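Each chain, written out:
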Amino acid sequence: MKEHKHNASLMHASQDVLAEVDAIMKKYDRESNTRVWTGLPDRILKALLAAFSIFMIYMNLFAVWDERIRRPLFLGFVILLVFALYPRTKHAGQTPKANYIPWYDVLLACAGSGSFFYFVINNRAIINHATRISQLEVWLGIVGILVLAECCRRVTGIPIVVVASLFVMYAFASGASLRKVIYNLFYTTTGVIGTPIGVCSTYIVLFIIFGAFLEATGISDFFIQCANALAGSAVGGPAKVSVISSALCGMVSGSSVGNTVTTGSVTIPMMKETGFPGEFAGAVEAASSTGGQIMPPIMGAAAFLMAEMVGVPYSNIVIRAILPAILYFAGIFLMVHLRAKRLGLRGIPKEQLPKMRKLLPKSYLLVPLVALVAMIVNGYTMSRSAIIATILCVLVSLFDKKHRMMPKDIVKALETGARNTLSIATACGIAGIIAGVVTMTGLGQVFISAIVSIANGQLLIALFLTMLCCIVLGMGVPTTATYIIMATTCAPILTTGMGLNAISANMFVFYFGIVADITPPVALAAYAGSAIAKSDPMKTAFNATRLAIAAFLVPYIFCLNPSMLLIHTTGLQVVNIAITSFIGMFAIAVACEGYMLRPVNAVWRIICAVSGLLMLYPGLVTDLIGIGVLVLLFVLEWAGMKKEKHASAESAPNVTKEAEKTDVDTLKVVDA
């Protein structure tokens, strides 16, 4: 009877957590604010979403259509699904009306998708018209662009729409006619149906579907359990579990906010129970989840996009991204460790943690992920690799009764994949507008000239100004769309203007576009973490920014010296760079947390920061100076700590004698 009550209470607690997670997602993640469908309409919508995923698999695996048919067809279906799922405004705490869609949304859905379908049907005639499109086609282009912008606003928020609007206004201000703007932005492959949508409708959508199937296998739970087994009992164990599990889960999910909420609902309460302050617990989860987007081999699907944009093999991008990503998480891990030591926190008792030997048999869940990377590296197309890996997800799920994928589960995964595609698709469409304006007006050259002029040939100044642009433009924008905007507007500043190599420039803008999710004032991932931790949102955001200090330092380092990206380097140099960089991150962590073997003062923290920066910068002289300074500080700290312990030990007998004397005097008084 007691066991039954215990299970019932656990189930009730689990339902409470799920309800809280759902509320947080609706508050911070626009994708979670959807219409309420029940009964037959709900089943029809789910079937349409699953059919959309199947259609995308067919289109990429078998269809040989022209890109000017594939891309507008893709966007037409996306618009229909967005209006079916997302209302005009948030529900603002009110229970929405079930099975209801207003007439104006039906009208907008038909008009917007109809504009793109018209392009598909009359594709050949429109191409032959070239710039001499008819007045009807001008109006259809206007409607298509405006409705797509409204879709993007509903799904991802207003920031990216505002940015795109400013770019369009610049196009008109530069003297372009309405017909020219519409033709370039709607009917050519340099605008809405340009490279961003081309990549989204091929690689990205298939990897999103793969991610949905991978999640259905229970791999997130496996990652969290493995992290618990590895680090749960260590000093500050729950926070270290958060770092490891979020790194693993985040690279697949492609959403900083989504990953913060899903893994954070487990890890943040554990951190608070151990003794971490709420602001720190929420920040650890937000910083780690955001870092999942830069973690190879998936990098939130951006790795595939970067390979396409830079024009190098996918394996090249993955290899270059490994060391910076590991340094990012090493920085968070070390700061978590030092904070736990400073607060005197312990880990979770080992008897409460899963055993690694019991988890190893479930490592078959990694087969789809390993196979995906292996296939791409060995020459398979990314589309075919993603589809095969998706099939492998279904096969490996058969070995686990709890997560075995039956037909209804496969339909559910297809539906989830389609849902997750909508935000990225609309954002990529709007990013195409930005790219189209840059191409049409030569605005990129204006950016380049302005920043190069201000920088006056100084790469460091150019990097700083580019960083500011990336953080502002990346606020509230999905990972892949963020990178597209950065690669279009900011990367050319560094490549064309400052002569930086393409991989370093693209990695730089990608990193700073991603950290917009934890950088105030629009730090969505940090705000989501604070909601779970019930902490102050702004304090949580500043804590997350400090924890993610590596993301603000490492990009500068690999731009000033590309050896960190393993460019123009040897095996021995790679080993040297890895070792000194990790030691450097330890020094930076000490500077941030104010603790080495014991608390350190402000002067020592500054010296540690300088020492760490010297070691992060690849170079023999800087490495030797940095290591020398850190070793000296460590020896002095160790000696000081020993001296304190010795003094404490010597004073202990005197304290005991004084206590005994006091007790004797007390007894004499009592006797008297």
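Counting from 1, residues in each chain are numbered in the order their sequence is written. The model is predicted, so local features are restricted to residues of pLDDT at least 70 and side-chain atom pairs to those at 80 or more, both for listing and for counting; the totals for chains, interfaces and linings are taken over all residues. The basis for every side-chain value is the complete set of heavy atoms in the structure, and neither hydrogens nor water enter the calculation.

Enquirer: Please explain the overall build of the protein as it appears in this structure.
Expert: Check the secondary structure of the protein and you find 30 helices and 0 strands. Relative accessible area decides the class of each residue, using a 1.4 Å probe on protein chains only: under 20% of the type maximum gives buried, over 50% gives exposed, and in between gives partly exposed. Put simply, the protein has 672 residues, and 53% of those count as buried. Method for areas: the Shrake-Rupley scheme with a 1.4 Å probe, in which residue coverage is limited to the protein chains shown. Split by element, the accessible area of the protein, about 28600 Å² in all, is 66% carbon and sulfur. Each helix is a run of DSSP H or I of at least 4 residues and each strand a run of E of at least 2, with the numbering of both proceeding from the N terminus.

Enquirer: What exactly am I supposed to notice about the packing of aromatic side chains here?
Expert: Between two aromatic rings, the relevant description is the distance of the centres plus the angle of the planes. Two rings from Phe, Tyr or Trp (for Trp, the six-membered ring) form a pair when their centres sit within 6.5 Å of each other. Planes less than 30 degrees apart are called stacked, planes more than 60 degrees apart edge-to-face, and all others tilted. Evaluated as defined, the whole model comprises 21 aromatic pairs. Ring geometry for Phe119 against Tyr187: centres 5.2 Å apart, planes inclined by 85°, an arrangement best described as edge-to-face. In this pair, Phe119 sits in helix α4 (residues 103–121) while Tyr187 sits in the loop between α8 (178–186) and α9 (195–216), placing the two residues 68 residues apart along the sequence. A relative accessible area of 4% means that Tyr187 is categorised as buried. Through successive ring pairs, a cluster of aromatic residues spans Phe55, Tyr58, Phe62, Trp65, Phe77 and Phe117. Each ring is checked for a lysine NZ or an arginine CZ that lies within 6 Å of its centre and within 35 degrees of its normal; such an atom marks a charge sitting over the ring. Over the ring of Tyr100 we find Lys97; its NZ or CZ atom is 4.9 Å from the centre of that ring.

Enquirer: Whenever I open this one, the layout of surface pockets confuses me. Can you help?
Expert: To locate leftover empty space, one rolls a probe as large as a water molecule over the atoms. A pocket, in this scheme, is an open set of points on a 1 Å grid over the protein atoms alone with protein on both sides within 12 Å along at least 5 of 7 lines, while a cavity is a set where a 1.4 Å probe fits but cannot get out; residues line either one if an atom lies within 4 Å of a point. Grid points are joined across faces, edges and corners, and a volume is the space filled by probe spheres set on the points. Empty space within the second largest pocket amounts to approximately 380 Å³. Along the walls of the second largest pocket sit 16 residues, with Leu45, Leu48, Leu80, Leu81 and Ala84 positioned nearest its centre. Put simply, the parts of the chain that give the lining of the second largest pocket at least two residues each are α2 (39–61), α3 (67–85) and α4. Considering every element that reaches the lining of the second largest pocket, the biggest residue donor is α2, with 7 residues.

Enquirer: Looking at this structure, I do not really get a positive patch on the surface. What am I missing?
Expert: Together, Lys350, Lys355, Arg357 and Lys358 line one region of the surface with positive charge. Within the secondary structure, Lys350 sits in the loop between α15 (314–343) and α16 (356–359). Patch definition: residues above 30% relative accessible area lacking any salt bridge, with like charges linked at up to 9 Å and the nonpolar side chains Val, Leu, Ile, Met, Phe, Trp and Tyr linked at up to 5 Å. The rule for a salt bridge is simple: a side-chain nitrogen of Lys or Arg has to be within 4 Å of a carboxyl oxygen of Asp or Glu. In this charge count, Lys and Arg are treated as positive and Asp and Glu as negative; neither His nor the chain ends contribute. Positions of charges follow a simple convention, taking NZ of Lys, CZ of Arg, CG of Asp or CD of Glu.

Enquirer: Is there a simple way to explain a nonpolar patch on the surface in this structure?
Expert: Judged by side-chain polarity, Ile158, Val162, Leu166 and Met169 come together as a nonpolar surface patch covering roughly 400 Å² of accessible area. The topology assignment puts Val162 in helix α7 (residues 159–173). Relative accessible area serves as the criterion here: at 40%, Val162 is assigned to the partly exposed category.

Enquirer: Teacher, can you tell me more about the nonpolar core here?
Expert: In summary, soluble globular proteins display a tendency toward joint burial of nonpolar side chains. Definition used in this section: a nonpolar core is a set of buried Ala, Val, Leu, Ile, Met, Phe, Trp, Tyr and Cys residues joined via side-chain atoms within 4.5 Å. Tyr187, Phe207, Tyr328, Met507, Phe508, Phe510 and Phe512 are the most contacted members of the largest nonpolar core, which totals 201 residues. Not counting residues up to four positions away in its chain, the partners in contact with Phe510 are Gln293, Ile294, Met299, Ala302, Met306, Thr479 and Tyr483. Of all hydrophobic cores here, the second largest spans 6 residues; its members include Ile448, Ile451, Ala462 and Ile493. For this analysis, residues touch if any pair of their heavy atoms sits within 4.5 Å.

Enquirer: Please explain the packing of helix α6 (residues 135–156) against α8 as it appears in this structure.
Expert: Two measures define how a pair of helices packs: the angle their axes make with one another and the distance between the axes. Between the N-to-C directions of two axes lies an angle of 0 to 180 degrees, each axis being a line fitted to C-alpha atoms and, for a helix, fitted only over the stretch in contact. Across the interface, α6 lies against α8 with an axial gap of 9 Å and an inter-helix angle of 60°. It follows that α6 is oblique to α8 by the angle criterion. Regarding α6 and α8, the two cross each other, and that crossing is left-handed. Each of Gln135, Glu137, Val138, Leu140, Gly141, Ile142, Gly144 and Ile145 in α6 lies in contact with α8, whose residues at this interface are Leu178, Arg179, Ile182, Leu185 and Phe186. Classification used: nonpolar for Ala, Val, Leu, Ile, Met, Phe, Trp, Tyr, Cys and Pro, charged for Asp, Glu, Lys and Arg, polar for all others including Gly. Its residues assigned to classes, the contact of α6 with α8 comprises 8 nonpolar, 3 polar and 2 charged. An angle counts as roughly parallel when it lies under 35 degrees, as roughly antiparallel when it exceeds 145, as roughly perpendicular when it falls between 65 and 115, and as oblique in every other case. If you view the pair so one helix is near and one far, a crossing is left-handed when the near helix is turned anticlockwise from the far one by less than a right angle, and right-handed when it is turned clockwise.

Enquirer: Teacher, can you tell me more about unusual backbone geometry here?
Expert: Outside of glycine, negative phi angles account for most residues, and trans bonds account for most peptide bonds. Even without a glycine there, the phi angle at Asn99 is positive, about 55°. Mapped onto the fold, Asn99 is located in the loop between α3 and α4. One non-glycine residue, His568, lies in positive phi territory at about 55°. As for its position among the elements, His568 is in the loop between α27 (549–560) and α28 (571–593). Residue His568 is classed as exposed on the basis of its relative accessible area of 76%.

Enquirer: Would you mind going over the environment of Ser581 with me for this structure?
Expert: Residue position: Ser581 is located in helix α28. For Ser581, a relative accessible area of 1% corresponds to the buried category. Separated by 17 residues in sequence, Ser581 and Met564 place their C-alpha atoms 9.0 Å apart. Residues contacting Ser581, with those up to four places away along its chain left out, are Leu327, Met564, Met615 and Leu616.

Enquirer: Looking at this model, I keep getting lost on the pattern of salt bridges. Mind explaining?
Expert: If the charged atoms of two oppositely charged side chains come close together, the side chains can form a pair. Under the criterion given, the structure shown has 13 salt bridges. Asp105 is paired through a salt bridge with Arg35; the nearest N and O atoms lie 2.4 Å apart. One end of the pair, Asp105, is in helix α4; the other, Arg35, is in the loop between α1 (2–28) and α2, and 70 residues separate them in sequence. Residue class for Arg35 comes out buried when judged on its relative accessible area of 9%. Two residues, Arg154 and Asp105, come together in a salt bridge whose shortest N-O distance is 2.7 Å. Taken together, the residues Arg154 in helix α6 and Asp105 in helix α4 connect sequence positions 49 residues apart. Neither Arg154 nor Asp105 differs from the other in exposure class; each is buried.

Enquirer: Explain helix α13 (residues 278–291) here, please?
Expert: Since the α-helix turns once every 3.6 residues, residues separated by three or four places project in the same direction. The terminal C-alpha atoms of α13 lie 20 Å apart, and with 14 residues this matches the ideal 20 Å at 1.5 Å per residue to within 8%. Counted residue by residue, α13 has 13 buried out of 14 residues, so it is predominantly covered. Here, expected helix span is obtained from the residue count minus one, scaled by 1.5 Å.

Enquirer: Teacher, can you tell me more about the packing of α9 against helix α18 (residues 382–397) here?
Expert: One can describe the packing of α9 onto α18 by two numbers: an axis separation of 9 Å at closest approach and a directional angle of 10°. Taken together, the axes of α9 and α18 are roughly parallel relative to one another. Between α9 and α18 the crossing geometry is left-handed. On α18, the residues touching Thr202, Tyr203, Leu206, Phe207, Ile209, Phe210, Phe213 and Leu214 of α9 are Met382, Ser383, Ala386, Ile387, Ala389, Thr390, Cys393 and Val394. Residue classes in the contact of α9 with α18 are distributed as 13 nonpolar, 3 polar and no charged.

Enquirer: Please explain the side chain of Ser563 as it appears in this structure.
Expert: Take Ser563: it is sitting in the loop between α27 and α28. The definition of a polar contact used here is a pair of N or O atoms within 3.5 Å, where within protein one atom must be able to donate a hydrogen and the other to accept one, and adjacent residues in sequence count solely through side-chain atom pairs. In this structure the side chain of Ser563 is engaged in a polar contact, spanning 2.8 Å, whose partner is the side chain of Asn561. When neighbours within four sequence positions are excluded, Ser563 is seen to be in contact with Thr569, Ile577 and Pro618.

Enquirer: What am I meant to see in the environment of Met169 here?
Expert: With respect to the helices and strands, Met169 occurs in helix α7. Residue class for Met169 comes out exposed when judged on its relative accessible area of 54%. Taking the C-alpha atoms as reference, Met169 lies 9.5 Å from Val437; in sequence the two are 268 residues apart.

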